[in-house]
Structures are given as structure tokens and as C-alpha cells.
Amino acid sequence: MKIICVGRNYIEHAKELNNSVPKEPVLFLKPETAIVPKKNPFFIPDFSEDVHYEAELVVKINKVGKNIQEKFAHKYYNQLTVGLDFTARDIQQKQKEKGLPWEIAKAFDGSAAIGKFMEISELDNPEDPTFSLLLNGKKVQSAKPSEMIFPIHKLIAEISKYFTLKIGDLIFTGTPKGVGKLTKNDQMHLYLEEKEVLQLNVK
Ligand code: ZN
């Protein structure tokens, strides 16, 4: 399986990092080794002084597809959760300045935490579910798909132009505003609507 991530998919988040609003989705990948194993904490890596959390709605692909049309994209997933795209912001900034790829800042071991998946049909508002991140009990990020620059169906169409989607592939759909630095012993709780899908400690 692979993880396809979307950068800058919410206007307010693009602004908070002084990025322009893109005309096409910004895409990057994380390998399977990026996933935080179940029940493990998130370990801040030694190579960064500024690791950020980015809470994101995550789509699980349930059907193989290539060049999927937007109008058929809904047939390719039926589960959602919330995940964390951990980012070494100091390293990403250096890579950006040099025009280099982001992987060492975005795809390192443990850089993807994934909550428990929920059937879309079980959601109160399946078209537009709110997701949120509580950091040490305080809500720091909250958004819903209608706030995305590129909605989920558009993302599936764009991504599948370049990458064949396979069963079990995950799409991290981008983070809203409110990203910030993590420190040891932080506690994160992720919610999809009212349901807690992940609890994660920082070590
Ligand atoms: Zn992200």
C-alpha cells in the first residue's frame, strides 16, 4: 500500500505558512514504513527541532482505479478516518528554499498516524463530516471537507492520473489551519464528528 498526501488544500493553512493557493493539488507520497504502529506513541525524531502536527481527513481506497473520473470517484472508497501528517518543518523549509524534494521532512519513519476507520454510511453528516484535533485537551484544528480547495472526488481524479490507486491505499487530504510544534509528553486526540478515532502520546 501507499499513502498519497495533499499539500495546501485549505486556504487559511496555505496563508499561515506563507504559501500561495495552488491551481492544482500539491501531491507527495509516504511509504508504508511511515505508519506509527498500533498502540505506539509518536517519537519526535532526533534530526528535527520543529516537528509539527497536521490533522487530516484520511480516505481509504477500496477498489483499483486509474484515470478515475470525478463523477465516479465516490465508488472508490467507503471509509474515512482522521490521521496525522507529522512534518519536520525546519527540514521542509530548508528543502523548499533549495527546491529539493520533501520526503526527509514528511515521509520519515513514524510520520503518519492513522485513526480507526469509520464507514461513511455510519456518519451523521456523510457528505461533510467535521474532524478535529485536541492537543492536551484544547481544540487546535477543526475542519470539514466543504472547506477544501480540492474536494475529495477531485483529488481522487487528479491523483489517479499519475498513480494507480489500489485497495488499501490511503489519501491524506491536507491539513486545515492551526498546525503547530509538538513537544514531549503532548497528548493528541483525534475526532471524526463526535467519535474519537485516535489517541496518541508524544515521546
Ligand atoms: Zn499535510
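So, here's what we can say about the structure.

Thresholds, definitions, all that
Residues numbered from 1 in each chain as written. Predicted model: local features only at pLDDT ≥ 70, side-chain atom pairs only at ≥ 80, totals over all residues. Heavy atoms only, no water. Donors = N, O, S within 2.8 Å, 3.2 Å for Na, K, Ca; no water. Buried < 20%, exposed > 50% of the residue type's maximum accessible area, 1.4 Å probe, protein only. Pairing = 2+ DSSP bridges. Helix = DSSP H or I, 4+ residues; strand = E, 2+ residues; numbered from the N terminus. Salt bridge = Lys/Arg side-chain N within 4 Å of Asp/Glu carboxyl O. Phe/Tyr/Trp six-rings, centres within 6.5 Å; stacked < 30°, edge-to-face > 60°. Lys NZ or Arg CZ within 6 Å of the ring centre and 35° of its normal. Core = buried A, V, L, I, M, F, W, Y, C linked by side-chain atoms within 4.5 Å. Contact = heavy atoms within 4.5 Å. Polar contact = N/O pair within 3.5 Å; in protein donor to acceptor, adjacent residues only side chain to side chain.

**Looking at the coordination of the zinc ion**
Put simply, a metal with four donors set out as a tetrahedron has ideal angles of 109.5 degrees, and one with six donors set out as an octahedron has ideal angles of 90 or 180 degrees.
So, point 1. Within the protein, Glu54 (OE), Glu56 (OE) and Asp85 (OD) serve as the donor atoms for the zinc ion, at 1.9 to 2.1 Å.
So, point 2. Read in sequence order, the donor residues for the zinc ion give the motif E-x1-E-x28-D.
So, point 3. Here Glu56 falls in the buried class, since its relative accessible area comes to 0%.

**Considering the sheet that holds strand β6 (residues 87–88)**
So, point 1. Read across the open sheet, the three strands follow the order β6-β3-β12; overall the sheet is antiparallel. At either margin of the open sheet sits one strand with a lone partner, and together these are β6 and β12 (180–181).

**Remarks on the pattern of salt bridges**
Side chains that differ in sign of charge can pair as their charged atoms come close.
So, point 1. A full pass over the atoms with the stated rule returns nine salt bridges.
So, point 2. For Lys106, the salt bridge goes to Glu54, with nearest N and O atoms at 3.2 Å. Pair noted here: Lys106 is in helix α3 (residues 103–106) and Glu54 is in the loop between β3 (51–53) and β4 (55–61), with a separation of 52 residues, a long-range link.
So, point 3. Assessed through its relative accessible area of 3%, Lys106 is described here as buried.
So, point 4. The closest approach of N and O atoms between Asp85 and Lys106, which form a salt bridge, is 2.9 Å. With Asp85 in strand β5 (residues 77–85) and Lys106 in helix α3, the pair connects residues that are 21 residues apart, well separated along the chain.
So, point 5. Note on Asp85: relative accessible area 1%, which makes it buried.
So, point 6. Via salt bridges that share partners, Lys30, Glu54, Asp85, Arg89 and Lys106 belong to a single interconnected network.

**Describing the packing of aromatic side chains**
So, point 1. Applying the stated criterion across every chain, the model contains four aromatic pairs.
So, point 2. An angle of 15° between the planes, with centres 3.7 Å apart, marks the rings of Phe42 and Phe86 as stacked. Remark: Phe86 occurs in the loop between β5 and β6 and Phe42 occurs in the loop between β2 (26–30) and β3; sequence separation between them is 44 residues.
So, point 3. Seen from their ring centres, Phe47 and Phe108 are 5.4 Å apart, and the 80° between their planes marks the pair as edge-to-face. Pair noted here: Phe47 is in the loop between β2 and β3 and Phe108 is in the loop between α3 and β7 (112–114), with a separation of 61 residues, a long-range link.
So, point 4. Given the relative accessible area of 9%, Phe108 is considered buried.
So, point 5. Positioned above the aromatic ring of Phe117, the side-chain terminus of Lys60 is 4.5 Å from the ring centre.

**A look at the nonpolar core**
So, point 1. Residues Leu84, Phe86, Ile156, Met188, Leu192 and Leu200 are the most contacted members of the largest nonpolar core, which totals 47 residues.
So, point 2. Listed by contribution, the elements that provide at least two residues to this core are β1 (3–7), β3, β4, β5, β9 (131–135), α4 (152–162), β13 (187–192) and β14 (195–201).
So, point 3. When sequence neighbours within four positions are dropped, the list of residues in contact with Met188 reads Tyr53, Leu84, Phe86, Leu133, Leu134, Leu135, Leu182, Leu198, Gln199, Leu200 and Val202.
So, point 4. In terms of nonpolar packing, the next biggest core, distinct from the first, is built from ten residues, Ile3, Ala34, Ala112 and Phe117 among them.

**Brief notes about the side chain of Arg89**
So, point 1. Turning to its location among the elements, Arg89 is positioned in helix α2 (residues 89–98).
So, point 2. On the accessibility criterion, Arg89 (9% relative accessible area) is buried.
So, point 3. A polar contact of 2.8 Å, which involves the side chain of Arg89, links it to the side chain of Glu54.
So, point 4. Among all residues touching Arg89, those that are not within four sequence positions of it are Leu17, Asp50, His52, Glu54 and Val179.

**A look at α4**
So, point 1. Burial in α4 covers these residues: Ile152, Leu155, Ile156, Ala157, Glu158, Ile159 and Ser160.
So, point 2. Its buried side turned inward, α4 meets β1, β2, β4, β5 and β11 (170–172).

**Here we look at the pairing of β4**
So, point 1. Counting buried residues along β4, six of its seven residues qualify, which places the element largely inside the surrounding structure.
So, point 2. Judged from the seven bridges that link them, β4 and β5 form a sheet pairing that is antiparallel. Paired with Lys60 across the strands is Gln79, a residue of β5.
So, point 3. When β4 meets β11, the two strands line up antiparallel, connected through three bridges. Its bridge partner lying in β11, Val58 is registered against Phe172.

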